[in-house]
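These are the residues of each chain, in order.
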Amino acid sequence: MLSYFIETLKNQVKSFGAKTDDIPEAILLFNVGAWSIYGGLFAFCTRFQPVRTIGRTKAGKAARRHLISWSGNRFTAFENYVMVGAENFGKWGIIKPIPRILNQAPKEFTLNLAETAAVYNVTFPFWFYIIGKGMRGYYHNKYKLDADMVPIKNVAGAGNEDVDPKRDFRETAAGEKSNQ
């Protein structure tokens, strides 16, 4: 299982135009991008409170009633679980000073964190795509690759690691002779 994960990770990093040696750097870049987006979403959710604002509308209240009628007690139990977890998180010793630094009430801070986590997780496929595009641009610039010249054969892991990454592999995939 672990070897499959490592091979998948290598192939994914190569698809960005990076080399296998760049995996630690790529992981760091991905995490910097993901946490930057999370921080931006936290600021957005703190200012605009999108989930709570939608929940206060007529349509939001109707959707909540529909969820409760559809799921029975499970939805309200889930709501209580999230709220209790957010409150307990806010009581941690390392977390307690953060609301004061941000000039927020502790309960409001934990609600903002819970809302940010919900919005982030729902929109994560979009953020994953954006971070991937950024990483691809970074590695294409680092190795001076053209944006439309993706080394397809290297991504597949076909053992062509010694092939020049600047070569346009689409020509060879179409059956034409490539000029190396």
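Residues numbered from 1 in each chain as written. Predicted model: local features only at pLDDT ≥ 70, side-chain atom pairs only at ≥ 80, totals over all residues. Heavy atoms only, no water.

> Before we go on, may I ask you to explain helix H2 (residues 23-48) in this structure?
One turn of the α-helix equals 3.6 residues, which is why residues spaced by three or four share an orientation. Taking 1.5 Å per residue as the helical rise, H2 with its 26 residues ought to reach 38 Å, and the 37 Å between its terminal C-alpha atoms agrees with that figure. Inspection of H2 places Ile23, Ala26, Gly33, Ala34, Ile37, Tyr38, Leu41, Phe42 and Cys45 among the buried residues, and these make up the whole buried set. Check the buried side of H2 and you find it contacts helix H1 (2-15), helix H3 (50-56) and helix H7 (106-142). After H2 finishes, the residue glutamine 49 shows a positive phi value of roughly 45°. (Helix = DSSP H or I, 4+ residues; strand = E, 2+ residues; numbered from the N terminus. Expected span 1.5 Å × (residues − 1). Buried < 20%, exposed > 50% of the residue type's maximum accessible area, 1.4 Å probe, protein only. Contact = heavy atoms within 4.5 Å.)

> When you look at the packing of aromatic side chains in this model, what are you seeing that I'm missing?
Each aromatic ring pair is specified by the distance between its two centres and by the angle formed by the two planes. In the structure shown here, the tally under the stated rule is 10 aromatic pairs. An aromatic cluster is defined as three or more aromatic residues linked by ring pairs; in this entry it consists of Phe30, Trp35, Tyr38, Tyr120, Phe124 and Phe128. (Phe/Tyr/Trp six-rings, centres within 6.5 Å; stacked < 30°, edge-to-face > 60°.)

> What should I look at first to understand unusual backbone geometry in this one?
Glycine aside, a negative phi is what most residues show, and trans is what most peptide bonds show. Even without being a glycine, glutamine 49 presents a positive backbone phi close to 45°. For glutamine 49, the location among the structural elements is in the loop between H2 and H3. Judged by relative accessible area, which is 18%, glutamine 49 ranks as buried. In the Ramachandran plot, asparagine 103 falls in the positive-phi region, its phi being about 60° despite a non-glycine side chain. Within the element layout of this structure, asparagine 103 appears in the loop between helix H6 (97-101) and H7. On the basis of relative accessible area, asparagine 103 is assigned to the exposed category, the value being 72%.

> Which parts of the structure should I look at to understand the side chain of aspartate 22?
For aspartate 22, the location among the structural elements is in the loop between H1 and H2. At 3.4 Å, the side chain of aspartate 22 and the side chain of lysine 142 are in polar contact. Residue contacts for aspartate 22: discarding those within four places in its chain leaves Tyr139, Lys142 and Tyr143. (Polar contact = N/O pair within 3.5 Å; in protein donor to acceptor, adjacent residues only side chain to side chain.)

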